[in-house]
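# A structural walkthrough
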Amino acid sequence: MSESMIVGVDHGYAAMKTAHFSFPSGLVAYEHEPYTLKDVLEYGGKFYVVGSGRQALQKNKTQTEDYYLLTLAAIAKELSFRHAEPATEIHLAAGLPLTSFGREKNAFRDYLLRDGKTVNFRYEGQEYSIAIRKVSLFPQGYAAVLTQSILLDEPSVIVADIGGWTVDLMRMDNRIPNASTCRSLELGMIRCLDEIGEQIRRTLGLSMTAAQMESVLRGDAVHINDDARKIIDRQADAYVHRLLSAITESGLDTRAMPAVFLGGGAALLKRTVSAADGLCRPVILDDVSLNAKGYERLTERLSKNDEQ
């Protein structure tokens, strides 16, 4: 085994993120080897196509093996990207919403740690032998914001992590999360896309894919029906206003202090809302890997403190 390597993983409902990768949190099992090895994880005598489709919502991520298998795939991708040895000890850095952090952290740590035992698997044909020796957990959003020096001098900041299923809210006062302000709203991007798709079906009789709708929301140049594009833009605007209203109803005044938006839905707000609207003072962090990067940086910092 080589020296322990810190790998940050953001376990989203819609997507898994590492410092260098983002892929859908889908997983399809096969008894026999699929026709291609791309995105294929071989573990425990079974084959899994990683990133295929959208898996059923799991509010408790430890109830099945899915997120553990997705974690193995995420680690394999990072090891390959970093040209690291496939036999490696891992210090896994991950996160949970602050609303459930205290309740779920021990179970999630044990779920990922597996007693620190060595695990053998193959990913895209490459054999791996890893041991997750330690798991460090942090509140989602908090780790990402601490990487932004421009925000650290603000006395109070709203943090809205827009994920696939939920929008996790907190207020940070003098860099410290205020636990009493934490909320988890079921207003994530999956809800937004489902509502857009339903409006398009009702109005135009078209069944558009999530990938098509997401491409329009990102502002990509794609061949999309003009009427459908108008519906997507109109519904996206309605979603953003609904989200800002929900944040205000949660007791967080988006007009009084900066509102930091991050996660997969942050890019949508970048195109839809601005400070000129008078609805909020937005700071858009649209790097989807920001949580994973934040987990790694905090883990590195804490590890150095322990050594000293």
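This text goes with the structure placed above it.
Counting restarts for each chain, with residues numbered from 1 along the sequence as it is written. Under the rules for a predicted model, residues below a pLDDT of 70 receive no local features and side-chain atom pairs below 80 are neither given nor counted, while totals for whole chains, interfaces and linings still include all residues. Working from all heavy atoms in the structure, the side-chain values ignore hydrogens and water.

## Here's the deal with helix H2 (residues 101–113)
The terminal C-alpha atoms of H2, which comprises 13 residues, lie 17 Å apart, in line with the 18 Å expected from a rise of 1.5 Å per residue. Among the residues making up H2, those that are buried are Phe-101, Phe-108, Tyr-111, Leu-112 and Leu-113. Any pair of residues with heavy atoms lying within 4.5 Å of one another is described as a contacting pair. Each helix corresponds to a stretch of at least 4 residues labelled H or I by DSSP, and each strand to a stretch of at least 2 residues labelled E; elements are numbered beginning at the N terminus. Looking at the buried positions of H2, the neighbouring elements they touch are strand S2 (10–11), helix H1 (66–81), strand S8 (87–96) and strand S10 (126–139). With its phi angle positive at about 55 degrees, Arg-114 sits one or two positions after the end of H2. Residue count minus one, scaled by 1.5 Å, sets the expected span of a helix. Per-residue accessibility, obtained with a 1.4 Å probe over protein chains only, is compared with the maximum for each type, and a residue is labelled buried under 20%, exposed over 50%, and partly exposed between these values.

## Focus on the pattern of salt bridges
We define a salt bridge as a contact between a side-chain nitrogen of Lys or Arg and a carboxyl oxygen of Asp or Glu at a distance within 4 Å. All chains considered together, the criterion is met by 17 salt bridges. The salt bridge involving Glu-104 is made with Arg-103; its shortest N-O contact spans 3.6 Å. For Arg-202, the salt bridge goes to Glu-198, with nearest N and O atoms at 3.0 Å. With Arg-202 and Glu-198 both in helix H4 (residues 189–204) and four residues apart, this pair spans about one turn of that helix. For Arg-202, a relative accessible area of 61% corresponds to the exposed category. Through salt bridges with shared partners, a single ionic network connects Glu-42, Arg-122 and Glu-127.

## A few points about the packing of aromatic side chains
Centres within 6.5 Å make a pair out of two Phe, Tyr or Trp rings, where for Trp the six-membered ring is used; the pair is then stacked when the planes are under 30 degrees apart, edge-to-face when over 60, and tilted otherwise. One pass over the structure, following the stated rule, counts six aromatic pairs. On the basis of an interplanar angle of 15 degrees and a centroid distance of 5.4 Å, the ring pair of Phe-121 and Tyr-128 is categorised as stacked. For the pair Phe-121 and Tyr-128, a shared accessibility class is recorded, and that class is buried. Ring geometry for Phe-138 and Tyr-295: centres 6.2 Å apart, planes at 15 degrees, overall stacked. Taken as a pair, Phe-138 in strand S10 and Tyr-295 in helix H8 (residues 290–307) lie far apart in primary sequence, 157 residues in all. With respect to class, Phe-138 is no different from Tyr-295; both count as buried. Pairwise contacts between aromatic rings join Tyr-43, Tyr-68, Phe-108 and Tyr-111 into one cluster. When the NZ atom of lysine or the CZ atom of arginine is within 6 Å of a ring's centre and also within 35 degrees of its normal, the charge is said to sit over that ring. One cation-aromatic arrangement involves Lys-77 over Phe-21; the distance from NZ or CZ to the ring centre is 5.4 Å. The ring of Trp-165 has Arg-191 sitting right over it, with the charged end atom 6.0 Å from the ring centre.

## A closer look at the layout of surface pockets
For the largest pocket, the calculated volume is near 760 Å³. Considering the residues around the largest pocket, the lining is formed by 30 residues, among which Ala-14, Ala-15, Leu-193, Glu-214 and Gly-264 are closest to the centre. Of all the elements, helix H5 (residues 210–218) adds the most residues to the lining of the largest pocket, at five residues. Three categories are distinguished: nonpolar for Ala, Val, Leu, Ile, Met, Phe, Trp, Tyr, Cys and Pro, charged for Asp, Glu, Lys and Arg, and polar for the others, with Gly belonging to the last. Looking at side-chain class alone, the lining of the largest pocket contains 15 nonpolar, 10 polar and five charged residues. Whether a set of points on the 1 Å grid over the protein atoms alone is a cavity depends on a 1.4 Å probe fitting there but being unable to get out, while an open set qualifies as a pocket with protein on both sides within 12 Å along at least five of seven lines; lining residues are those with an atom within 4 Å of a point. Grid points are joined across faces, edges and corners, and a volume is the space filled by probe spheres set on the points. Its volume calculated, the second largest pocket comes out at about 400 Å³. Considering the residues around the second largest pocket, the lining is formed by 30 residues, among which Tyr-13, Pro-97, Gln-140, Thr-166 and Asp-168 are closest to the centre. Put simply, the parts of the chain that give the lining of the second largest pocket at least two residues each are S2, H2, strand S11 (156–162) and H8. Class assignment for the residues of the lining of the second largest pocket results in eight nonpolar, 12 polar and 10 charged. Domain segmentation is taken from an automatic or database assignment of domains. No fewer than three residues from each of domain 1 (3–138) and domain 2 (152–286) sit in the lining of the second largest pocket.

So far we have only geometry, and geometry alone does not tell us how the molecule works.
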